[in-house]
Amino acid sequence: MLKQIEGSRAVAEAVAMCRPRVICAYPITPQTHIVEALSAMVKTGELNAEFLNVESEFAAMSVAIGACAAGARAYTATASQGLLFMSEAVYNAAGLGLPIVMTVANRAIGAPINIWNDHSDSMSQRDAGWLQLFAETNQEALDLHIQAFRIAEEMSIPVMVCMDGFLLTHASERVDLPSPDQVDAFLPPYVPRQVLDPDDPVSIGAMVGPEAFTEVRYLAFERMRQALDVIRDVAIGFQAEFGRVSGGLIRPYLTDDAEVVVVALGSVLGTVKDAVDDLRAGGMRVGVLGITAFRPFPADAVREALDGTSRHVVVLERAIAPGTSGGIMTADIRMALASAGLGCRSVQHVSTVVAGLGGRAVTRRSLCAMLTDAADGSLEPLTFLDLDTGLVGRELDRMSATRRSGPSAENMLRDLGITASRIG
Amino acid sequence: MFQVRFHGRGGQGVVTAAELLAAAAFSEDRHAQAFPSFGSERMGAPVMSFCRIDDQLIRTHEPVTEPDALIIQDPTLLHQADLFAGLGTDGYMLINSTRSFEELGLDEFVKDFRRDRLLVVPASSLALTHLGRPLPGGVMLGGFSALTGVVSLDSVLAAIGEKFTGQVAAGNVAAARAAFEFVRDEREALTDA
């Protein structure tokens, strides 16, 4: 049924239709509306689940681990500092092979404290052993949750569904809500591979020494790679059941004859597509490659999509890897293009464009200017889009003028004459 | 694509108003996107929200910087923030006020615009009368419908009816209808003049 609702509400409705038995969450902006809606559904009896209002994110993931190990379908949601706070348990959930589904309403990490969107939170858990699926739209966010439970339970690997905070969570858009019957037909009841059962006791979470630790890790590593096929197959099955393309590994847009291709994750893809349409109207051969599955990284699919006419690949990143040549996903893209014996023949340049940190708007105008630079060969290997170099320069001047120049963040806000931060 | 920017203060229903407009457009089988610009979420702090309406899928997620219309729920913001940024000379603006543009000190500003597209509506007064509380959000959408014709009054009233229940819905519907009539009469007076 078509509905005009907030993204958080759409996700809550989708999660409810997946019939989780346990929901545990600690509220944090911009995830709050999702768990508020779910708690209301549990309160009214619309959703038959146990809702645990825990005292921290660490507890939220710990409860999810316990619930899942006891055989219950378990769900939680968090963002930013909350994800960092639960990090130890995040690794444990994956290490134990428990198919928990968690929404990450992507938000920057402090300091400086910032409630707005970027991808540094989920990227910080890149190697935790969770699948990470990124939603481009609210429709996809809704759909990915339904797919996530299916993928997680088939593989016994937890799944993070990443959706851009505010940009998606707080946006009211048109979505097609499936019926509970459709979701039931697509998502069978959870049959755990391991379960804590008093009638058939086992222990889960044993200490494993050097005699088997490598083998346990190796198996998890290989299972993660196998998840690529499962993600793809589940998206195909989803399309058959629900009649729309959602999820999967990658999403190419006008890449067939493109000389410049932007690779990106999440809701910025919509704005990038608008920019690409503008530039194509002017005769520029540009395209977009959306990455839906960030972990496991679909290197083969990426290489196939980029090898052909594309000469210049621009990786748009909403997170940075300090101390490297730029972005986090750029490393994955470079590896995909350079894998031994499978090198991509056409791509000559890979650039990183860091954009949209901490809620900085990524505009069509800036994207068009950046892509025009890419097409004429003048785009630098690393660009911070719309960087206010004057602001940075003035702080560098203050730092060189005196030893005790004070906190940079506050100095720069004062420089701008801003007393309260705002978006844009 | 038609783009609207709402300005108001936390607690006035600025975000709800954008969502109601999106719901009204949705009921006309159009695509719509409503979203807030959250800063520090405090009662009384300046708040912006946005609504896009189009006949095709809306893909962009950038803020509205060149609005086709401004809805200003709180006239005390007029001289505090850069409310008119990006509004073209063909743009629409509706201000919640019992005073005229001249009385608001905007007579110089309005000279560059199409005068019948910049109007005031006493939305808080109408809300007080019909709803008992000075909440202008839904009410102004009645006026917006009369001003722009982008969505019909019926769609606005239906969106209000879906969002609220009981007396709150009835009061908002009555006030939105009154705002529609007020703005329609205001436009006719200007067009005749």
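The structure displayed is predicted, hence computed values, not measured ones.

Undergrad: What is the right way to look at the overall build of chain A in this model?
TA: Helix and strand counts for chain A come out as 15 helices and 15 strands. Taken over the C-alpha atoms alone, chain A extends approximately 70 × 55 × 55 Å along its principal axes. The 424 residues of chain A split such that 55% are buried. In the structure as shown, chain A presents an accessible area of about 18,200 Å², 54% of it carried by carbon and sulfur atoms. Here chain A carries 35 positive and 50 negative side-chain charges, and the mean point of each set is 4 Å from the other.

Undergrad: Just to check I follow, could you spell out the overall build of chain B for this structure?
TA: In terms of regular secondary structure, chain B is built from 6 helices and 6 strands. Relative to a compact globule of 193 residues, whose C-alpha radius of gyration would be 16 Å, chain B shows 15 Å and is just as compact. Projected onto its principal axes, the C-alpha coordinates of chain B cover approximately 40 × 40 × 35 Å. Here chain B holds 193 residues, and 55% of them are scored as buried. If you take every contact in chain B between residues at least 6 apart in sequence, the share linking residues at least 24 apart comes to 66%. Approximately 8,200 Å² of chain B is accessible, and the part contributed by carbon and sulfur atoms is 50%. Taking the average location of the 16 positive side-chain charges in chain B and that of its 25 negative ones, the two points are 4 Å from each other.

Undergrad: Please clarify how the sheet that holds strand β11 (residues 286–291) of chain A should be interpreted in this entry.
TA: Adjacent strands of a sheet pair through backbone hydrogen bonds, lying either parallel or antiparallel. Residues and elements named next belong to chain A. On the basis of which strands lie adjacent, the open sheet formed by 6 strands has the order β9-β11-β10-β13-β14-β15 and mixed pairing. At either margin of the open sheet sits one strand with a lone partner, and together these are β9 (250–253) and β15 (382–384). Taking each pair of neighbouring strands and ignoring which way they run, the sheet shows an average axis angle of 20°. As paired strands, β9 and β11 are joined by 4 bridges and run antiparallel to one another. Within β11, the residue paired with I250 across the bridge is I291. Sheet strands in contact with helix α10 (residues 268–281) are β9, β10 (260–264), β11 and β13 (312–317), and its direction is about 165° off that of β11. Relative to the sheet, helix α12 (residues 328–338) contacts β10, β11, β13 and β14 (349–354), its axis offset from that of β13 by approximately 150°.

Undergrad: Looking at this model, I keep getting lost on the nonpolar core. Mind explaining?
TA: General note: in soluble globular proteins, nonpolar side chains tend to be found buried as a group. Residues and elements named next belong to chain A. Ranked by internal contacts, the top residues of the largest apolar core, which has 108 residues, are L38, M61, Y75, W130, L306 and I333. In terms of residues, this core owes the most to one element, helix α7 (residues 138–155), which gives 9 residues. Built from parts of two domains, this core gets at least three residues from each of domain 1 (2–242) and domain 2 (250–384). Leaving out residues up to four positions away in the same chain, Y75 has contacts with V11, V15, P20, V22, I23, C24, I34, L38, V101, T103, H145 and F149.

Undergrad: What is the right way to read the sheet that holds strand β4 (residues 69–72) of chain B from this model?
TA: Read across the sheet, 8 strands follow the order β1(A)-β8(A)-β2(B)-β3(B)-β1(B)-β4(B)-β5(B)-β6(B) without closing on themselves; strand pairing throughout is mixed. Each end of this open sheet is capped by a strand with a single partner; those strands are β1 (2–6) of chain A together with β6 (118–121) of chain B. Put simply, the sheet's adjacent strands are angled 20° from each other on average, direction ignored. With 4 bridges joining them, strand β1 (residues 2–9) of chain B and β4(B) adopt parallel strand pairing. Residue B:R5 lies in a different strand from β4(B), and its bridge partner there is B:L70. Strands β1 and β8 (172–176) of chain A of the sheet are contacted by helix α1 (residues 7–17) of chain A, whose axis makes an angle of about 120° with β1(A). Those strands touched by helix α4 (residues 137–148) of chain B are β1, β4, β5 (92–96) and β6 of chain B, and its axis lies near 150° from that of β5(B).

Criteria and cut-off values
- Residues numbered from 1 in each chain as written.
- Chains lettered and ligands numbered in written order.
- Predicted model: local features only at pLDDT ≥ 70, side-chain atom pairs only at ≥ 80, totals over all residues.
- Heavy atoms only, no water.
- Helix = DSSP H or I, 4+ residues; strand = E, 2+ residues; numbered from the N terminus.
- Buried < 20%, exposed > 50% of the residue type's maximum accessible area, 1.4 Å probe, protein only.
- Areas by Shrake-Rupley, 256 points an atom, 1.4 Å probe, with all protein chains shown as cover.
- Lys, Arg positive; Asp, Glu negative; His and termini not counted.
- Charge placed at Lys NZ, Arg CZ, Asp CG, Glu CD.
- Rg over C-alpha atoms; globule rule 2.2 N^0.38 Å.
- Contact = heavy atoms within 4.5 Å.
- Pairing = 2+ DSSP bridges.
- Axes fitted to C-alpha atoms, helices over the stretch in contact; angles between N-to-C directions.
- Core = buried A, V, L, I, M, F, W, Y, C linked by side-chain atoms within 4.5 Å.
- Domains from an automatic or database assignment.

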